[in-house]
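# Remarks on the overall topology
Below are the chains, spelled out letter by letter.
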Amino acid sequence: MERSARTPVEIEEQVDGDLGSKRMIVNFGPQHPATHGTLRSIIQLEGETVKSMDLEIGYLHTGFEKLGEFRSWNQGVTISDRMNYLSPLCNNIGLSVACEGLMGIEITPRCAAIRVILYELARLADHIIMVGLQAMDLGAFSVMLWAFIEREKMYDVFEAVTGARLTTSYTRVGGLFRDVPHDFEEQVRKLMGECLRTIQEMEGMLNENRIFRDRTIGVNTISKADAISFGLTGPLLRACGVPYDIRKSQPYCGYEQYDFEIAVEQEGDVWARYRIRVKEMYESLKIIDQALKNLPDGPINVDAPEVIIPKKDSHNHPTGGMEGLIYHFKNYMHGHGVQPPVGEYYRGTESPNGELGFYLVSDGTMRPWRWRVRPPSLYTFQAFPTMCAGQTISDVVSGLSSLNIIAGELDR
Amino acid sequence: MGLESWLPEGALTTRVEEVVNWGRKNSLYPMPFGVACCAIEMMSTLTSRYDLARFGAEAIRFSPRQSDLMIVSGRISLKMMPVLAKIWEQMPEPKWCISMGACASCGGIFDTYALVQGVDRFIPVDVYVPGCPPRPESLIDAVLKIQELVEKEKLDAHVR
Amino acid sequence: MTPVDLQQRAIAHIQSRFSDAFRRTDAHQGQHWVEVERSAIVAVLRSLRDDLGFDVLMDLTCVDWLGKETPERYSMVYQLFSFEHRQYFRVKCWLPADDLEVDSASAIWKSAPWAEREVWDMFGVRFRGLDDHRRLLTPVDYTGHPLRKDYPLIGHGERSNFPHYVK
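Residues numbered from 1 in each chain as written. Chains lettered and ligands numbered in written order. Predicted model: local features only at pLDDT ≥ 70, side-chain atom pairs only at ≥ 80, totals over all residues.

On to the overall build of chain B. Each helix and strand in chain B was counted, giving six helices and four strands. The helix and strand sequence of chain B, counted from the amino end, reads α-α-β-α-β-α-β-α-β-α. Across its three principal directions, the C-alpha atoms of chain B cover 65 × 40 × 25 Å. In chain B, which comprises 160 residues, the proportion classed as buried is 45%. Within chain B, residue pairs in contact and separated by at least 24 positions form 79% of the contacts whose partners lie at least 6 positions apart. (Helix = DSSP H or I, 4+ residues; strand = E, 2+ residues; numbered from the N terminus. Buried ≥ 20, exposed ≤ 12 C-beta atoms within 10 Å, placed from the backbone. Contact = placed C-beta atoms within 7 Å.)

And the structure:
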């Protein structure tokens, strides 16, 4: 594939200079029904074949990393919600796992199990909507409506547990905001039953569908070497035959106790990614089932008063309520609060997109010195022109919908 | 008495303004300018559970030339503001705008260098919906308020 | 190979192969890193990829240490990962504020270009050998590098600088 030109103006000059050429420039985005978010591609076409592609991002750049330096360690979780807005709980849990790693805190077993259940529910929500949107882009509108019904049921569960449908801000350093309601297991089991039936219906609609198969098999293929060099992770990497899943290789929140398989395919095309997402949804249901069966009792927050405020009448403090009151004060006063030791830490978690990593640098104060997010979408989108080389313009749409690019995470 | 007694059965008389406004308010064509998290709640509003089609706003059009209600859902950054302005210019009159969510209304939780602190600084907004993100019921309430606004308009409200 | 072994192997490898570029090594909560001279950074990264099997550049970023007692003001941070051994490793190099330039890693990994464009955008670090040196996230005509510590959070007024449309 030819190297893409520098700017749209330069592309124009390249084309105009060759009078009588059949090249055409198509601007795809940033406001377009088929771009999932504010992404812009400037595609140079010859007939219907893509000759080169120039990408432009930054239409949702908010300054998260700068804002993270002005918020305390616990306030950062509110910013993390807004990054991958299809599965905000995954971002919350990823950030907390990184903060706890930086501070060397071990969370309680109950907290770990609840985090796993919510993480997998968020993964289900993300994958089901991605399959729905992928189907909608290729014409199967009903599949998207079915996906949204299931997502609404998951929103009900999230709302009962965290208080909000989308921007949950549920985790804290060392624990969670609050415990789950008493009918949590009942709600989740009901949801799991209905979700299973819907996923089977969606598969029945799409798996043997001639149109879906023709538009996804062999489309947007990427080789294994390219995928590794581009830093792809998650379903896209597993579609190329690399069986890498952070939940198995560097487990967090007790993932090593659960029995599940990693979905791997070999072709590296859109069809392989779709098969992997469907398989991961089934595996998520398995994990949630195991976690619910073995949900341990006990506290959800770590018993470390510098990090988590103790109850005001806590029995841990022999001097009665006074020490508890002092810890409350110190945790909330400006200049105090959660203060990690000086150092830095990088922790990646297996979000539905890929490896969502947080690189946190602490200088010992209540605010981070550097709050860096490693967004999986950035590296995925960077590989997109390579995947589209020589394909037709309709393959571009099909491929873009399979990448699971979230502009909030891409641009931060 | 009067004109009504001469008309055949089934004919009504009214003012042109009322008929025009009744037609406009019950068939708003929203253009979802979906940008960030609020776009997901807007998609929830448009799908089965919180069906916006019940209120006539079913035919969502992504082309500004064919729509009359722009729903700005999400945080508008420096790069996106010219795009938003261009799309607003391309929409033909009559047009209305809902600013959905805290970020579009006032910058939200992001008081940073990269975000426009409220789209109403640059384009005229009719209804603001608070929330981060607002619940689908709030968005439906906003569309109903737009319908009330449309109902009360004069015929020459959108003539320049 | 247990996790710490590969990190120790990498540190020993750099200490022996690049002894004049090696500055120091440190660790926090089990994660080790190495600081090298910026003139040798690309050679070190290439050697880590080819000889030790760190086949992925997971992340590339920069930290501004204004006001802290550090050798220089900026540090470039490279997160490497090895699929075979499932282990991370970090490499850093220091950049002085008056000479913010370093060689680009885009010849080694294809994941480097956009990360480097973002570092240019946010910090103002120039990369020698990077083909496409445009800004990534801020507009084309933006001046200033937002993530520097002396840049205010609310910016310099760019966010209010648009034409106003009257109904």
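Further notes follow.
Each regular strand shows side chains that alternate between the opposite faces of the sheet. Residue and element names in this part refer to chain A. Most of strand β2 (residues 40-46) is tucked away: five of the seven residues are buried. Bridge count between strand β1 (residues 23-28) and β2: six bridges; the pairing is antiparallel. In the sheet register, I25 faces β2, and the bridge partner there is Q44. (Pairing = 2+ DSSP bridges.)

Tallying the contact residues gives 27 residues for chain C and 35 residues for chain A. Counting only elements with at least two residues in the side of chain C that touches chain A, the list comes to β3 (56-64) and β5 (87-95) of chain C. Along the lines of polarity and charge, the residues of the side of chain C that touches chain A split into 13 nonpolar, seven polar and seven charged. (Nonpolar A, V, L, I, M, F, W, Y, C, P; charged D, E, K, R; others polar.)

Right, let's talk about the nonpolar core for a bit. Within the largest apolar cluster, 209 residues are counted, with the highest numbers of intra-cluster contacts made by V72 and I76 of chain B together with L80 of chain C. A total of 18 residues in this core trace back to one element, the largest contributor, which is helix α5 (residues 109-137) of chain A. Counting the residues that make up this core, at least three belong to each of domain 1 (8-56) and domain 2 (64-300 + 349-411) of chain A. Excluding residues within four positions of it along the chain, L80 of chain C makes contact with L48, F54, V56, L57, M58, Y88, F89 and V91 of chain C. (Core = buried A, V, L, I, M, F, W, Y, C linked by C-beta atoms within 7 Å. Domains from an automatic or database assignment.)

The next thing to look at is the sheet that holds strand β3 (residues 96-100) of chain B. Residues and elements named next belong to chain B. Pairing within the open sheet is parallel, and its four strands lie in the order β1-β2-β3-β4. Among the strands making up the open sheet, the edge pair consists of β1 (30-34) and β4 (127-129). Averaged over all neighbouring strand pairs, the angle between strand axes comes to 20°, with direction disregarded. In this structure, β3 lies alongside β4, joined through three bridges in parallel fashion. By the bridge assignment, S99 is partnered in β4 with Y128. (Axes fitted to C-alpha atoms, helices over the stretch in contact; angles between N-to-C directions.)

So, on to the packing of helix α4 (residues 88-103) of chain A against α5 of chain A. Residue and element names in this part refer to chain A. Orientation of α4 relative to α5, taken along the N-to-C sense of each, is 140°, at an axis distance of 8 Å. Classified by the angle between their axes, α4 and α5 sit oblique to one another. In this structure, α4 crosses over α5, and the sense of that crossing is left-handed. Residues L89, C90 and I93 of α4 pack against R115, L118, Y119, A122 and R123 of α5. Of the residues that constitute the contact of α4 with α5, the class distribution is six nonpolar, no polar and two charged. (Parallel < 35°, antiparallel > 145°, perpendicular 65-115°, else oblique. Left-handed = near helix turned anticlockwise from the far one by under 90°.)

Now for the interface of chain A and chain B. Across the contact, 24 residues belong to chain A and 25 residues belong to chain B. Where the side of chain A that touches chain B is concerned, the elements lending two or more residues are α2 (64-68) and α6 (141-162) of chain A. Broken down by element, the side of chain A that touches chain B gets its largest block of residues, four residues, from α6 of chain A. Within the side of chain A that touches chain B, the residues separate by chemical class into 11 nonpolar, 10 polar and three charged.

Moving on, we come to the domain arrangement of chain A. All names here are of chain A. Considered domain by domain, chain A is made up of domain 1 (8-56) and domain 2 (64-300 + 349-411). On the side of domain 2, 18 residues touch domain 1, which itself brings 13 residues to the contact. Going through the elements one at a time, β2 and β3 (49-56) are the ones with two or more residues in the side of domain 1 that touches domain 2. It is β3 that provides the largest number of residues to the side of domain 1 that touches domain 2, a total of four residues. Tallied by class, the residues present in the side of domain 1 that touches domain 2 amount to seven nonpolar, five polar and one charged.

This part takes up the pairing of β3 of chain B. Residue and element names in this part refer to chain B. Within β3, five of the five residues are buried, which leaves it mostly tucked inside the rest of the structure. Side chains W96, I98 and M100 of β3 all project onto a buried face; the interleaved residues C97 and S99 project onto the opposite face, where all are buried too. Two elements, strand β2 (residues 69-73) and β3, share five bridges in a ladder whose sense is parallel. When the sheet's bridge partners are listed, S73 is paired in β3 with M100. Assessed by its sense of winding, the connection that carries the chain from β3 through helix α5 (residues 101-106) to β4 is right-handed. (Right-handed = clockwise from strand over helix to strand, strands pointing away.)

Glancing now at the sheet that holds β3 of chain A. All names here are of chain A. Read across the open sheet, the three strands follow the order β1-β2-β3; overall the sheet is antiparallel. Only two strands of the sheet have a single partner each, and these edge strands are β1 and β3. The sheet shows a mean angle of 20° between the axes of neighbouring strands, taken without regard to direction. Across seven bridges, β2 lies against β3 in antiparallel orientation. Bridge assignment links I43 to a residue of β3, and that residue is M53.

As a further point, take the packing of α5 of chain A against helix α16 (residues 393-402) of chain A. Residues and elements named next belong to chain A. The interhelical angle for the contact between α5 and α16, taken along N-to-C directions, is 170°, at an axis separation of 9 Å. Our classification of the angle between α5 and α16 gives roughly antiparallel. Seen from α5, the contacting residues are L133, Q134 and D137; seen from α16, they are V397, S398, S401 and S402. For the contact of α5 with α16, a count of residues per class yields two nonpolar, four polar and one charged.

Let us now look at helix α3 (residues 37-46) of chain B. Of all 10 residues making up α3 of chain B, 10 are buried, and the element is well covered by its neighbours. All buried positions along α3 of chain B are accounted for by C37, C38, A39, I40, E41, M42, M43, S44, T45 and L46 of chain B.

Residues and elements named next belong to chain A. For α5, built from 29 residues, the straight-helix expectation of 42 Å at 1.5 Å per residue is met to within 8% by its first-to-last C-alpha distance of 42 Å. Counted residue by residue, α5 has 26 buried out of 29 residues, so it is predominantly covered. Following α5 by one or two positions, G139 has its phi on the positive side, about 115°. (Expected span 1.5 Å × (residues − 1).)

Turning to unusual backbone geometry, a few remarks are in order. With an omega of -5°, the peptide bond running from E93 of chain B to P94 of chain B counts as cis. Tracing the sequence through the fold places P94 of chain B in the loop between α4 (80-90) and β3. Although it is not a glycine, Q29 of chain C adopts a positive phi angle of roughly 50°. Take Q29 of chain C: it is sitting in the loop between β1 (22-28) and β2 (31-36). A positive phi angle, near 50°, is found at R86 of chain C, a position not held by glycine.

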